[in-house]
Amino acid sequence: MKVKRYDIEPKANLRGANLSGANLSGADLPRADLHGAAIVIYGLEWPVFITRDHICIGCEQHKLQSWQGFSDNRIKRMEKNASAFWAAHRDMILSLCENLTSEFKEG
């Protein structure tokens with residue numbers, strides 16, 4: 001049986017997609033339009049997924065405003081090492097989300 005091959009260039013437009021919690025490891029996305037979709041940070045104690053209005057750290061996913069307002073006690077109750085992690089990475093994570101949010105609004 002002869003199979004016809006069609007050269008179709010797929011293009012994924014993920015603009016505005018909420019990919020928090022999505023496992024994209026191994027995904028082939030060279031032509032995907034990911035503008036405003038997500039920032040993923042690996043190599044820390046927990047993976048961090050940032051979208052335009054949500055932050056997911058490990059299994060904790062909350063809106064940006066919630067993360068901004070969490071007390072030290074609330075962070076401490078999330079996980080044994082959460083306080084040290086948040087103290088070390090809070091400003092970077094919040095800044096990335098705020099910048100992504102403002103880029104999305106401007107774009």
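You'll find the structure just up there.
Residues numbered from 1 in each chain as written. Predicted model: local features only at pLDDT ≥ 70, side-chain atom pairs only at ≥ 80, totals over all residues. Heavy atoms only, no water.

Concerning the overall build of the protein chain
Stage number 1. When you go through the protein chain residue by residue, the secondary structure sums to three helices and four strands.
Stage number 2. Listed by position from the N terminus, the elements making up the protein chain come as β-β-β-β-α-α-α.
Stage number 3. Put simply, the protein chain has 107 residues, and 29% of those count as buried.
Stage number 4. Taking contacts inside the protein chain between residues at least 6 apart in sequence as the whole, the part at least 24 apart equals 45%.
Stage number 5. Carbon and sulfur atoms make up 49% of the accessible area of the protein chain, which amounts to about 7600 Å² in all. (Helix = DSSP H or I, 4+ residues; strand = E, 2+ residues; numbered from the N terminus. Buried < 20%, exposed > 50% of the residue type's maximum accessible area, 1.4 Å probe, protein only. Contact = heavy atoms within 4.5 Å. Areas by Shrake-Rupley, 256 points an atom, 1.4 Å probe, with all protein chains shown as cover.)

Looking at the pairing of strand β4 (residues 60-63)
Stage number 1. Burial along β4 is one-sided: E60 and H62 are buried, and none of Q61 and K63, which face the opposite way, are.
Stage number 2. Examined bridge by bridge, strand β3 (residues 54-57) and β4 share four bridges and lie antiparallel to one another. The residue bridging C56 from the neighbouring strand is Q61, located in β4.
Stage number 3. Turn length for the β3-β4 hairpin, with the two strands adjacent in sequence and antiparallel, is two residues, and the turn residue G58 shows positive phi of about 60°. (Pairing = 2+ DSSP bridges.)

A word on the pattern of salt bridges
Stage number 1. Counted by the stated rule, this structure contains one salt bridge.
Stage number 2. Across the salt bridge formed by D91 and R90, the nearest N and O atoms sit 3.5 Å from each other. (Salt bridge = Lys/Arg side-chain N within 4 Å of Asp/Glu carboxyl O.)

Section: the environment of L94
Stage number 1. For L94, the position within the fold is in helix α3 (residues 82-106).
Stage number 2. Classification of L94 as buried rests on a relative accessible area of 5%.
Stage number 3. Separated by 44 residues in the primary sequence, L94 and I50 place their C-alpha atoms 9.1 Å from one another.
Stage number 4. Discounting residues that sit within four places of it in the chain, L94 has contacts with I55, L64, W67, Q68 and W86.

Comments concerning the packing of aromatic side chains
Stage number 1. Here the structure, examined in full by the defined rule, presents four aromatic pairs.
Stage number 2. Relative to F85, the ring of W46 lies with its centre 5.1 Å away and its plane at 70°, an arrangement referred to as edge-to-face. Within this pair, whereas W46 is found in the loop between β1 (39-41) and β2 (48-50), its partner F85 is found in helix α3, the two being separated by 39 residues in sequence.
Stage number 3. On the accessibility criterion, F85 (6% relative accessible area) is buried.
Stage number 4. Look at W67 and F70: their rings are 5.3 Å apart centre to centre, the planes differ by 75°, and that puts the pair in the edge-to-face class.
Stage number 5. Ring pairing ties together the aromatic residues W67, F70 and W86, which thus form one cluster.
Stage number 6. Here the guanidinium or amino end of R74 rests over the ring plane of F70, the centre of that ring lying 4.8 Å away. (Phe/Tyr/Trp six-rings, centres within 6.5 Å; stacked < 30°, edge-to-face > 60°. Lys NZ or Arg CZ within 6 Å of the ring centre and 35° of its normal.)

Any link to function would need more than the numbers given here.
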